[in-house]
Amino acid sequence: MAKQRTMFIPVHAKAPAKPAWGAPCNGCGVCCLSEPCPVGMILSRRRAGACLALQWDEPGKRYRCGALDAPEQVLKQAVPNWLFWTIPGWMALLRWRGARWIGAGIGCDCSLQVQADPPGQ
């Protein structure tokens, strides 16, 4: 039997509960807080930990992908200063293919099981 791995992921208190695998995304953020998707790996320059492109949407009380919602802001954080001239091209590419690359609209593909902290912890 494979040993289960446990990780602590700080999730915003107002975030919605993680949906079942395959259910529509509700912006819970668990997937992107645990590890970046391939686009997030490029933008975050990391393969583990929270994606740096993930943003909290206070009015919507959910997480959103900054690569889609705020590409210029995310790219300015990800691209070295000497490559800022490439940002308009990257923004066009994200507008064109970004949703497909992050799997938007395919449903929850995060198989993590979430356990909330007991009250008082």
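Our subject is the structure that appears above.
As the structure is a prediction and not an experimental result, all values here were calculated from the model.

Cut-offs applied
- Residues numbered from 1 in each chain as written.
- Predicted model: local features only at pLDDT ≥ 70, side-chain atom pairs only at ≥ 80, totals over all residues.
- Heavy atoms only, no water.
- Helix = DSSP H or I, 4+ residues; strand = E, 2+ residues; numbered from the N terminus.
- Buried < 20%, exposed > 50% of the residue type's maximum accessible area, 1.4 Å probe, protein only.
- Contact = heavy atoms within 4.5 Å.
- Areas by Shrake-Rupley, 256 points an atom, 1.4 Å probe, with all protein chains shown as cover.
- Lys, Arg positive; Asp, Glu negative; His and termini not counted.
- Charge placed at Lys NZ, Arg CZ, Asp CG, Glu CD.
- Pairing = 2+ DSSP bridges.
- Core = buried A, V, L, I, M, F, W, Y, C linked by side-chain atoms within 4.5 Å.
- Phe/Tyr/Trp six-rings, centres within 6.5 Å; stacked < 30°, edge-to-face > 60°.
- Lys NZ or Arg CZ within 6 Å of the ring centre and 35° of its normal.

Draft legend 1. The arrangement of the overall build of the chain in detail. Per the secondary structure count, the chain includes five helices and two strands. In sequence order, the secondary structure elements of the chain are arranged as α-α-β-β-α-α-α. Within the chain, buried positions represent 29% of all 121 residues. Long-range pairs, those at least 24 residues apart, make up 50% of the contacts in the chain between residues at least 6 apart in sequence. Accessible surface for the chain amounts to roughly 8800 Å². Of this, 58% is attributable to carbon and sulfur atoms. Here the chain holds 14 positive side-chain charges and 7 negative ones, and the gap between their average locations is 5 Å.

Draft legend 2. Examining the pairing of strand β2 (residues 62-65) more closely. Here strand β1 (residues 54-57) pairs with β2 via four bridges, running antiparallel. Among the inter-strand pairings, Leu-54 is bridged to a residue of β2, identified as Cys-65. Connecting β1 to the next strand, β2, in antiparallel fashion are four residues, including Lys-61 with a positive phi near 55°.

Draft legend 3. Layout of the nonpolar core. Formed by Val-39, Leu-43, Cys-51, Ala-53, Ala-67, Val-74, Leu-75, Ala-78, Val-79, Ile-87, Met-91 and Leu-94, the largest nonpolar core amounts to 12 residues. Of all the secondary-structure elements, those providing two or more residues to this core are α2 (38-44), α4 (71-78) and α5 (87-102). Each residue touching Ala-78, except ones within four places of it in the same chain, is listed here: Leu-43 and Arg-45. Counting residues in each nonpolar core, the second largest holds nine residues, with Ile-9, Ala-15, Cys-108 and Cys-110 among its members.

Draft legend 4. Structural context of the packing of aromatic side chains. One pass over the full model with this rule turns up one aromatic pair. Taking the centre distance of 4.9 Å and the plane angle of 75° together, the rings of Trp-56 and Tyr-63 count as edge-to-face. A relative accessible area of 24% places Trp-56 in the partly exposed class. Seen from the ring of Trp-96, Arg-97 lies directly overhead, with NZ or CZ sitting 5.3 Å from the centre.

From the geometry alone we can't say anything about function, so treat these as descriptive.
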